[in-house]
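What follows is each chain in one-letter form.
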Amino acid sequence: IPEGVTSIGESAFDCCSALTTINIPNSVISIGGYAFSSCDSLITIEIGSSVESIGNFTFGYCSIKECNCYALTPPSLGSYTFGYNVQEGATLYVPARKGSAYKSSSWGKYFTNIVEMD
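Residues numbered from 1 in each chain as written. Predicted model: local features only at pLDDT ≥ 70, side-chain atom pairs only at ≥ 80, totals over all residues. Heavy atoms only, no water.

Peer 1: With reference to specific residues and values, describe the pairing of strand 6 (residues 66–69).
Peer 2: Here four bridges tie strand 4 (residues 44–47) to strand 6, and the two strands are oriented parallel to one another. Along strand 6, the bridge assignment pairs Thr-44 with Glu-66. Relative to strand 8 (residues 91–94), strand 6 runs parallel, the two sharing three bridges. Residue Cys-67 lies in a different strand from strand 8, and its bridge partner there is Leu-92. (Pairing = 2+ DSSP bridges. Helix = DSSP H or I, 4+ residues; strand = E, 2+ residues; numbered from the N terminus.)

Right, dumping it as structure tokens:
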């Protein structure tokens, strides 16, 4: 996804089984529902610092093992944003001193392993 894109539309990459990693640039503010749903090979996500909202079931039926989110404020999540398939022990990396904010937000129900980046 090129820098300059400000939103990723609903179902944009739905069922793209070849995707293993996605880098969402800092220019993106919103990610639509089902945007990466059923990308069953998707294991690593990088979410840029400007993302404010992520829609319903955006990463449903993916096999997420690692997510790096650079937003200082946890982006709002829709219903079942990460579906049911965040791998047990998956790690969410967040900005330094923001771990408790992510743990107490909706992100905490998907990721029990939240690590602050330096």
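That shown, we press on.
Peer 1: Describe a nonpolar patch on the surface, with residues and values.
Peer 2: Side chains of Tyr-61, Tyr-80 and Tyr-84 sit close together on the surface and give an oily, nonpolar patch of about 370 Å² of accessible area. Residue placement: Tyr-84 occurs in the loop between strand 7 (76–77) and strand 8. Using a relative accessible area of 56% as the deciding quantity, one classes Tyr-84 as exposed. (Patch = residues over 30% accessible without salt bridge, like charges linked within 9 Å, V, L, I, M, F, W, Y side chains within 5 Å. Areas by Shrake-Rupley, 256 points an atom, 1.4 Å probe, with all protein chains shown as cover. Salt bridge = Lys/Arg side-chain N within 4 Å of Asp/Glu carboxyl O. Buried < 20%, exposed > 50% of the residue type's maximum accessible area, 1.4 Å probe, protein only.)

Peer 1: Can you lay out the packing of aromatic side chains for me, pointing to particular residues and giving the numbers?
Peer 2: Per the stated rule, a full pass over the model turns up ten aromatic pairs. Between Phe-82 and Tyr-110, the aromatic rings sit 5.3 Å apart at their centres with planes inclined by 55°, giving tilted as the arrangement. Highlighted residues: Phe-82 in the loop between strand 7 and strand 8 and Tyr-110 in helix 2 (residues 107–110), separated in sequence by 28 residues. We classify Tyr-110 as buried; its relative accessible area is 13%. Here the aromatic residues Phe-13, Phe-36, Phe-59, Phe-82, Tyr-102, Trp-107, Tyr-110 and Phe-111 are joined through ring pairs into a cluster of three or more. (Phe/Tyr/Trp six-rings, centres within 6.5 Å; stacked < 30°, edge-to-face > 60°.)

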